[in-house]
Amino acid sequence: MEIFKEIKPLRAYLKRQRVAGKSVGLVPTMGALHDGHLSLLKASQAESNVTVCSIFVNPTQFNNPSDLVNYPRTFDKDVEILKANRCDVLFCPNEAEMYGIGSIVRFDFGDLDKVLEGQFRPGHFSGVALAVSKLFNIVSPDSAYFGQKDYQQFLIVERLQQDLKFDVRLRCVPIHREKDGLAMSSRNLRLSSPQRKSANAFYQALQLAKKQLLAGIDINAVKDQLRAKFKAMEDVKLEYFELADRSNLKPLKDVTNANQSVLLIAGYVGEIRLIDNLLLSDED
Ligand code: AMP
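Now for a look at the structure at hand. (Residues numbered from 1 in each chain as written. Predicted model: local features only at pLDDT ≥ 70, side-chain atom pairs only at ≥ 80, totals over all residues. Heavy atoms only, no water.)

## A look at the pattern of salt bridges
In the structure shown here, the tally under the stated rule is 13 salt bridges. A salt bridge links Arg171 to Glu47, with the shortest nitrogen-to-oxygen separation between them at 3.0 Å. Of the two residues, Arg171 is situated in strand S6 (residues 169-173) and Glu47 in helix H2 (residues 35-47); the sequence distance between them amounts to 124 residues. Owing to a relative accessible area of 29%, Arg171 belongs among the partly exposed residues under this scheme. Given a relative accessible area of 35%, Glu47 falls into the partly exposed group. Between Arg227 and Asp224 there is a salt bridge, with the nearest N and O atoms lying 3.4 Å from each other. Taken together, the positions of Arg227 and Asp224, both in helix H11 (residues 219-231) and three residues apart, correspond to about one turn of that helix. Relative accessible area serves as the criterion here: at 46%, Arg227 is assigned to the partly exposed category. (Salt bridge = Lys/Arg side-chain N within 4 Å of Asp/Glu carboxyl O. Helix = DSSP H or I, 4+ residues; strand = E, 2+ residues; numbered from the N terminus. Buried < 20%, exposed > 50% of the residue type's maximum accessible area, 1.4 Å probe, protein only.)

Structural data, given as structure tokens:
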């Protein structure tokens, strides 16, 4: 595996690959790699000749300073995982390489970054869009792979690509889950073992809500019941739970079209913030 910390030699390397007719897939991550990240890597490897995985804990997307400080960093292990999974290139810049003297560009995605994650994490998606734009410009990938786990992020990146005409094909890879249904996440590493058990509440809530909604139960009744359930749990706090339109995240009052609906949830287990979502048309 080729490892680059700097932009210039990475660009030179990728130019040689492209001249040789090779396509490039990009998998942006913040490290602390798990099997969810690996499903993105595999999707890229299936479609691209050269797969670039980036590891960069992007400071501008953290609205909470302690979340940034405590974000899991397992760099040496990540390198081993990527090598074992035949990743071609690792791009792991430091903050100075990515931001230099800093960035003054800010993004505004209209309604799309004001709801759900955007409402509870002001500035988060502007930071995401900044880092993703930088990566698109540095790597110029043919395809870029993102997880459905961060559903709203995928819609933001789609909008970014459409508005700025990035010549990249975007792929959304389904959520990889633990056996009990918990969505894999780097932040899960921070959960104590009792917290790990409680964390399952989010997926259970999504599943139950989906069942109820498809059985015709009113969304407000479903929400009330969920809120009451979370209130009764000591170590888990619900931040939001919403039924929304898949393409613009506008809240829905009922499920008229399961193929167009998504359930999204976020909350805390102790200090650790977790998110999850479920497409109403999914099997699970
Ligand atoms: P992160 O390192 O958390 O920023 O995630 C990097 C990429 O991996 C993002 O596009 C995430 O949506 C994706 N990802 C994270 N967790 C999962 C998962 N459990 N299943 C699929 N993709 C994931």
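After that view, the rundown keeps rolling.
## Quick look at the site of the ligand
Near the ligand, the surroundings consist of 17 residues, among which His37, Gly147, Asp150, His176 and Met184 are the closest. Within the contact set of the ligand, an oxygen atom lies 2.9 Å away from a backbone nitrogen or oxygen of Met30. Within the side chain of His37, one N or O atom sits 2.8 Å away from an oxygen atom of the ligand. Protein contacts shield 93% of the accessible area of the ligand, which totals 490 Å² for the unbound molecule. (Near = heavy atom within 4 Å. Polar contact = N/O pair within 3.5 Å; in protein donor to acceptor, adjacent residues only side chain to side chain. Areas by Shrake-Rupley, 256 points an atom, 1.4 Å probe, with all protein chains shown as cover.)

## A word on the packing of helix H1 (residues 7-19) against helix H7 (residues 124-139)
At a minimum axis distance of 9 Å, the contact between H1 and H7 shows a crossing angle of 50°. Relative to H7, H1 is oriented oblique. Each of Ile7, Leu10, Arg11, Leu14 and Arg18 in H1 lies in contact with H7, whose residues at this interface are Asn137, Ile138 and Val139. A class-by-class count of the residues in the contact of H1 with H7 yields five nonpolar, one polar and two charged. (Axes fitted to C-alpha atoms, helices over the stretch in contact; angles between N-to-C directions. Parallel < 35°, antiparallel > 145°, perpendicular 65-115°, else oblique. Contact = heavy atoms within 4.5 Å. Nonpolar A, V, L, I, M, F, W, Y, C, P; charged D, E, K, R; others polar.)

## A short note on the sheet that holds strand S9 (residues 272-279)
Strand order across the open sheet formed by three strands is S7-S8-S9, with antiparallel pairing between neighbours. In this open sheet, the two strands that pair with only one neighbour each are strand S7 (236-245) and S9. The average undirected angle you get between the axes of adjacent strands in this sheet is 15°. For strand S8 (residues 261-269) and S9, the ladder comprises eight bridges, and the chain directions are antiparallel. Along S9, the bridge assignment pairs Tyr268 with Arg273. Packing of H11 onto the sheet brings it into contact with S7 and S8, and relative to S7 it is tilted by some 165°. (Pairing = 2+ DSSP bridges.)

## A word on the sheet that holds S6
One open sheet accounts for six strands, arranged S1-S4-S3-S2-S5-S6; its pairing is parallel. The outermost strands of the open sheet, each flanked by one partner alone, are strand S1 (2-4) and S6. Taken pair by pair, the neighbouring strands of this sheet meet at an average axis angle of 25°, ignoring direction. Pairing analysis gives five bridges linking strand S5 (residues 143-147) to S6, with the strands arranged parallel. Bridging across to S6, Tyr145 finds its partner in Arg171. Packing of helix H8 (residues 151-164) onto the sheet brings it into contact with S5 and S6, and relative to S6 it is tilted by some 175°.

## Side note on H2
Helix length check: H2 (13 residues) gives 19 Å between terminal C-alpha atoms against 18 Å at 1.5 Å per residue, within 8%. Check the buried side of H2 and you find it contacts strand S2 (24-29), strand S3 (50-55), helix H4 (75-84), S5 and S6. (Expected span 1.5 Å × (residues − 1).)

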